[in-house]
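Inside the fold
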Amino acid sequence: MASLILVAVVIAEKALIAQIRRLARSAKNPAVATGIGDDCAVLRVQAGRGKENDTLITTDFSLEGVHFRSDWHPAESVGHRCLARGLSDIAAMGGEPIAAFLSLALPGDSPQSWVGRFGRGLINLAERYGVTLAGGDTAESPKGILADIVVVGTVAKGKAILRSGARPGDLIYVSGELGGSAAALWMMQKKTQKKLKRKLNPRDYPRHFFPEPRIELGRILCEKGLASAMIDTSDGLSTDLSHLCEESGVGAEIQLQLIPRASVGKPAREVDPQFALHGGEDYELLFTAPRGKRIPLRIAGIPITQIGHVTRDKKIFLMNRGGLGYQLQPLGWEHFRS
């Protein structure tokens, strides 16, 4: 097996993905209905008689020091968040999760108790959604914990909700509330800077420590044909809306005062608008729908809020109550950003 040489480079995550995407086009297989550029790949494998489904496959890293810190996050939270990332991608396509595969690399001195608690956090979430942990791999890591989750799901043939379906005039909606996870992260950073030993209580900040993937909501949007395009808010509203608009070849106008902001802590306080705009890891669903579609105020018990509309201009504008606005830059999470 050839050795792998790692070279440190400074490259924007978006540019890196675009480069890999161009290379991948030369090896296109007709069974891959949707590849790089959406929340999941869609595989169209020929089956026998009866109802045919497409297969959804997604993969996500959870890296110590990047996605979590062992001194901030309980092991149960790390396991839960690891799987939630993949489940949220399945939800964003309107799919149903089936199985997960976990590859876990640990330093040699990792406590067995940490591994057990990590596993319980992951398995507890998997059981709630009928997901089987069907395999994976383990290895020793020279530094830090690395967890790679692969989640496999299914959706009715040709019905996966893609990022590329938004059209000018469509209305833009978001589920739940935004900014709660980013606000908790900011508070942990402040505590560390001030050398405060008291940690945040995960029960007071569930949207950060134990986020809930919107599987049922995504399934209903898909089954009822309500959404024209969809993405989950893993990287932040500004960045994920940018991804959706780019894939659809459109722009957007959103209203600042309409964006639903989370309340966190004890006593609970509404988060700063910047957390709702740019903070990631909320794992809510951001979707578009034609104006003629009636979108309920709640679906599967989750509040749904209209925050704007799709435009022909390939730019995103953030508007205030007075009708004034500015072009919104995607300032959510991006790897390799300096």
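Refer to the structure presented above.
Residues numbered from 1 in each chain as written. Predicted model: local features only at pLDDT ≥ 70, side-chain atom pairs only at ≥ 80, totals over all residues. Heavy atoms only, no water.

Some remarks on the packing of aromatic side chains
Rules: Centres within 6.5 Å make a pair out of two Phe, Tyr or Trp rings, where for Trp the six-membered ring is used; the pair is then stacked when the planes are under 30 degrees apart, edge-to-face when over 60, and tilted otherwise. Working definition: helices are DSSP H or I runs of at least four residues, strands are E runs of at least two. Numbering for both runs from the N terminus. Each residue gets one of three labels from its accessible area relative to the maximum for its type: buried under 20%, exposed over 50%, partly exposed in between, using a 1.4 Å probe on protein chains only.
Tallied over the entire structure, the rule returns 3 aromatic pairs. Ring geometry for W114 against F118: centres 5.4 Å apart, planes inclined by 15°, an arrangement best described as stacked. Here W114 pairs with F118, and both are found in helix α3 (residues 112-128), just 4 residues apart, close to one helical turn. Residue F118 is classed as buried on the basis of its relative accessible area of 2%. Where Y173 meets F287, the ring centres are 5.3 Å apart and the plane angle is 15°; that geometry is what we call stacked. In this pair, Y173 is assigned in strand β7 (residues 171-175) and F287 in strand β12 (residues 285-289), connecting sequence segments 114 residues apart.

Here we look at the environment of I231
Looking at the secondary structure, you find I231 in strand β8 (residues 229-232). It is 7.9 Å that separates the C-alpha atoms of I231 and D38, two residues lying 193 residues apart in sequence.

Observations regarding the nonpolar core
Put simply, the test is: Buried residues of nine kinds, namely Ala, Val, Leu, Ile, Met, Phe, Trp, Tyr and Cys, make up a nonpolar core once their side-chain atoms join them within 4.5 Å.
Judged by nonpolar contacts, the single largest core of 48 residues is most densely connected at L83, F118 and L221. Mapped onto this core, the elements with two or more residues apiece are α2 (75-92), β4 (96-106), α3, β6 (146-156), β7, α6 (215-223), β12 and β14 (302-311). It is α2 that contributes the most residues to this core, 9 residues altogether. Among the nonpolar cores identified, the runner-up in size contains 22 residues, and I231, L241, C245 and A252 belong to it.

Side note on α6
Across the 9 residues that make up α6, a large majority, 7, are buried. Turning to α6, its buried residues number three or more, namely I215, L217, G218, R219, I220, L221 and C222.

Section: the pattern of salt bridges
Our working definition: Whenever a carboxyl oxygen of Asp or Glu lies within 4 Å of a side-chain nitrogen of Lys or Arg, that contact is scored as a salt bridge.
Applying the stated criterion across every chain yields a total of 13 salt bridges. A salt bridge links E281 to R85, with the nearest nitrogen and oxygen atoms 3.8 Å apart. Residue E281 is located in the loop between α8 (273-278) and β12, and its partner R85 is located in helix α2; the two are separated by 196 residues in the primary sequence. Judged by its relative accessible area of 12%, R85 is buried. The partner of E223 in a salt bridge is R219, with the nearest N and O atoms 2.8 Å apart. Pair noted here: E223 and R219 are both in helix α6, with a separation of 4 residues, about one helical turn. Residues participating in the shared-partner salt-bridge network are D60, R81, R85 and E281.

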